[in-house]
Amino acid sequence: MAQAEKNSPARGSGKTLPLTRPLFDEEEIEKVRACLNSGWVTQGPLTKEFETTFARRHQVEHALAVTSCTTALYLAALALGLGPGDEVVVPALTWVTSANCAEYVGARAVLADIDLETFNLDPQAFEAAITPRTRAVVVVHLFGLAAPMDEILAAARRHSLAVIEDAACAVGSHYRGRPLGGLGEVGCFSFHPRKVVTTGEGGMLTTNRTDLAALAASLRNHGAEAEPRPASGPPRPYAMGRFDRLGFNFRLSDIQAAVGLAQMTKLESLLAERKGLADGYNRLLDDPPDLALPHAPEGCGHTYQSYVVRLREGGCRRRNRIMEKLAGKGIQTRPGTHAVHRLGYYADKYGLKPEDFPNACRGEDETITLPLFPGMTTADQEFVAGELKKALRESFSTPG
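No experiment lies behind these values; they were computed from the predicted model shown.

Calculation notes
- Residue positions within a chain follow its written sequence, with the count starting from 1.
- For this predicted model, a pLDDT threshold of at least 70 governs which residues receive local features, and a threshold of 80 or more governs which side-chain atom pairs are given and counted, while totals over whole chains, interfaces and linings are taken from all residues.
- Side-chain measures here rest on the full set of heavy atoms in the structure, leaving out hydrogens and waters.
- Comment: elements are numbered from the N terminus, with helices defined as DSSP H or I runs of at least four residues and strands as E runs of at least two.
- In this treatment the radius of gyration is a C-alpha quantity, and the globule benchmark scales as 2.2 Å times the residue count to the 0.38 power.
- Only protein chains enter the calculation, and the probe is 1.4 Å; a residue is then buried if its accessible area is under 20% of its type maximum, exposed if over 50%, and partly exposed in between.
- In what follows, residue pairs with any heavy atoms lying within 4.5 Å of each other are defined as contacts.
- The accessible surface values rely on the Shrake-Rupley method and a 1.4 Å probe; as for residues, cover is taken only from the protein chains in view.
- By the counting rule applied here, Lys and Arg register as positive and Asp and Glu as negative, while His and the ends of each chain are not counted.
- By convention, charge coordinates are those of NZ in Lys, CZ in Arg, CG in Asp, or CD in Glu.
- Two strands pair if DSSP finds at least two bridges between them.
- The rule for a disulfide is simple: a pair of cysteine sulfur atoms within 2.5 Å.
- Only Phe, Tyr and Trp rings take part, Trp by its six-membered ring, and two of them pair if their centres are within 6.5 Å. Stacked means planes under 30 degrees apart, edge-to-face means over 60, and tilted covers everything else.
- Angles here are taken between N-to-C directions and fall from 0 to 180 degrees, while the axes themselves are lines fitted to C-alpha atoms, restricted in helices to the stretch in contact.
- Angles below 35 degrees are treated as roughly parallel, those above 145 as roughly antiparallel, those between 65 and 115 as roughly perpendicular, and all remaining angles as oblique.
- Helix crossings are classified by the rotation of the near helix relative to the far one: an anticlockwise turn of less than a right angle makes the crossing left-handed, while a clockwise turn makes it right-handed.
- Two joining distances apply to patches: 9 Å for like charges and 5 Å for nonpolar side chains (Val, Leu, Ile, Met, Phe, Trp, Tyr), and every residue must have over 30% relative accessible area and no salt bridge.
- Any Lys or Arg side-chain nitrogen found within 4 Å of a carboxyl oxygen on Asp or Glu counts as a salt bridge.
- Only protein atoms enter the 1 Å grid used here. Points where a 1.4 Å probe fits but cannot escape make up a cavity, open sets with protein on both sides within 12 Å along at least five of seven lines make up a pocket, and a residue lines them when an atom lies within 4 Å of a point.
- Grid points are joined across faces, edges and corners, and a volume is the space filled by probe spheres set on the points.
- Ten residues, namely Ala, Val, Leu, Ile, Met, Phe, Trp, Tyr, Cys and Pro, are considered nonpolar, four, namely Asp, Glu, Lys and Arg, are considered charged, and the remaining ones, Gly among them, are considered polar.
- Definition used in this section: a nonpolar core is a set of buried Ala, Val, Leu, Ile, Met, Phe, Trp, Tyr and Cys residues joined via side-chain atoms within 4.5 Å.

Attention now moves to the overall build of the chain. Along the backbone of the chain there are 14 helices and 14 strands. Taken against the 2.2 N^0.38 rule, which gives 21 Å for 400 residues, the C-alpha radius of gyration of the chain at 22 Å falls within 12% of a compact globule. C-alpha atoms of the chain, sized along the principal axes, occupy 80 × 55 × 35 Å. Residues classed as buried in the chain amount to 56% of the 400 residues present. If you take every contact in the chain between residues at least 6 apart in sequence, the share linking residues at least 24 apart comes to 72%. Total accessible area on the chain stands at roughly 17,100 Å², and carbon and sulfur atoms take up 53% of it. Side chains of the chain give 45 positive and 47 negative charges; the mean places of these two sets differ by 3 Å.

With five of five residues buried, strand β9 (residues 203-207) is to be regarded as a mostly interior element. Inspection of the sheet shows strand β8 (residues 186-190) paired to β9 by four bridges, in the antiparallel sense. Its bridge partner being in β9, C188 is matched across the sheet by L205.

We note that F143 has phi near 65°; this positive angle belongs to a residue other than glycine. Although it is not a glycine, H222 adopts a positive phi angle of roughly 65°. Within the secondary structure, H222 is located in the loop between α8 (210-220) and β10 (224-225). In this structure H222 comes out as partly exposed when scored by relative accessible area, which is 36%.

Another point: the state of the cysteines. Within this structure, the stated rule accounts for zero disulfides. Here C316 stays unpaired: no disulfide links it, and the sulfur of C361, its closest cysteine neighbor, is 10 Å away.

A separate point is the packing of aromatic side chains. Applying the stated criterion to the full structure yields 13 aromatic pairs. Arranged with centres 4.9 Å apart and planes meeting at 75°, the rings of F54 and F189 form a pair that is edge-to-face. Residue F54 is located in helix α3 (residues 45-58), and its partner F189 is located in strand β8; the two are separated by 135 residues in the primary sequence. Both residues of the pair, F54 and F189, count as buried. Judged by centre distance (5.3 Å) and plane angle (65°), the ring pair of Y74 and Y104 falls under edge-to-face. Placement of the pair is Y74 in helix α4 (residues 69-79) and Y104 in helix α5 (residues 97-104), with a sequence separation of 30 residues. Pairwise contacts between aromatic rings join F50, F54, F189 and F191 into one cluster.

The seven strands are arranged β1-β9-β8-β5-β4-β2-β3 in an open sheet whose pairing can be described as mixed. Edge strands, defined here as strands with exactly one partner in the open sheet, are β1 (62-66) and β3 (108-112). Within this sheet the neighbouring strands show an average axis-to-axis angle of 20°, counted without direction. Inspection of the sheet shows strand β2 (residues 87-91) paired to strand β4 (residues 134-140) by three bridges, in the parallel sense. The residue bridging V89 from the neighbouring strand is V137, located in β4. Its contacts with the sheet place α4 against β1, β5 (162-166), β8 and β9, and it is angled at close to 165° to β8. Against the sheet, α8 contacts β1, β8 and β9, and its axis sits at roughly 15° relative to β1.

Here helix α11 (residues 315-328) crosses helix α14 (residues 378-395) at 135°, and the two axes come no closer than 9 Å. Comparing their axes, α14 and α11 come out oblique. The two elements α11 and α14 meet at a crossing, and its hand is right-handed. Contacts between α11 and α14 involve R318, R321, I322, K325 and L326 on the former and, on the latter, E387, L388, A391, L392, E394 and S395.

This part is about a nonpolar patch on the surface. Taken together, the side chains of L36, V41 and I255 define a hydrophobic patch exposed on the protein surface, amounting to about 220 Å² of accessible area. Locating L36 in the fold gives a position in helix α2 (residues 26-38). Among the residues examined, L36 registers a relative accessible area of 48% and is labelled partly exposed.

Before going further, it helps to examine empty space enclosed by the protein. Rolled over the atoms, a probe with the dimensions of a water molecule shows which regions are left empty. Going through the model one piece at a time under the given rule, you end up with three cavities of 30 Å³ or more. Here the largest cavity defines a volume of roughly 70 Å³. Here the second largest cavity is characterised by a volume of approximately 40 Å³. Forming the walls of the second largest cavity are T20, R21, P22, L23, K195, V196, Q263, L270, R274 and P374. Grouping the amino acids of the lining of the second largest cavity by side-chain chemistry returns five nonpolar, two polar and three charged.

With that out of the way, let us pick up the nonpolar core. Counting residues in each nonpolar core, the largest one holds 51 residues, and the members touching the most others are F50, F54, F126, M149 and M204. When near neighbours in sequence (up to four residues on either side) are disregarded, M149 contacts V139, H141, A154, V163, E165, Y175 and L183. One finds A107, L111, V140 and A168 within the second-largest nonpolar core, a separate group that totals 49 residues.

Spatial ordering of the open sheet is given by β12-β13-β14, a layout of three strands whose pairing is antiparallel. Because the sheet does not close on itself, it has two edges, and the strands there are β12 (291-292) and β14 (367-370). The sheet contact formed by strand β13 (residues 307-311) and β14 spans four bridges and is antiparallel. The residue of β14 that forms the bridge with V309 is I368.

Limitation: the analysis is restricted to geometry and does not speak to function.
What follows is the structure, given as structure tokens:
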């Protein structure tokens, strides 16, 4: 952590405290150098090693590296055979691609409201959204907090629904001691730079089902099948393979996999540091009565990919005034994420209104994501907490 500590903005330095930033050191450089020296930079042996490492850590049978969590979600929908006429339940507060994966394949994303304490899918709202056309649910472990999987899996099994875990924020997290990504039919992870570990861009699809893994592996590689047709005789080194289905190029490069392998060696220490930083914020911010801190129910692991607080009163205008004040102090913030039903595509296509999912609206309008990054110091956190408390006090007296 020495490099991150060295670059950590000091209080009063005039530098911006970012929401987050990746931690890179000589290990990533050496892994990439070795990859480049090998001459094999497309998807190959390092990608396979990355997949094996990831599968072992998440206790799944199969892990497939892809270009992003978005493509992992798309492949999940395709591999599960979702299509026109099908409905997929999705939490109304999430990044838009959680819903888009249903729309990509011609299915309909049906939104369900969230639990405002956790920002995750409300199991009762999920079950109420199920119709005879429902075939799957996308369970988002939002901000890195495990969703209530016991209730969601029970409801899904009662209705014979496939479960897709959108674990974009939740690498390394768990639910009641079991790693996320293997609790449903398919898990989908992100390696975007805001995530706990990163490959720049990239993602991972995980599953314990061999049939889904084989189909997703084919689809990510142009629809190719490694084995030739039986009538063509035994495999030959120059064989072109079979292309019996329409596929895509969603392959992760070995250059990115090299970075991912180096990042995975840091995973446990990064998770521990983020947990320590979250605990630090919890101590520093335990007194403002109108500020709700992140809540992790018993048994639900949290990566704190994002540390998101919520105003109990004052709404969006007050929240925005507070973020503006923090920005003026060099503290980067942002809202938690979207209320999907208020985005133009979904609002226009399905005639959705803000009041349809009130908790999702509040989850967007009342939340503030605070800086949390490797090497963040106690002084950094004290500065953020102090300025936030000051902004909270002043925000009621500011017009607008």
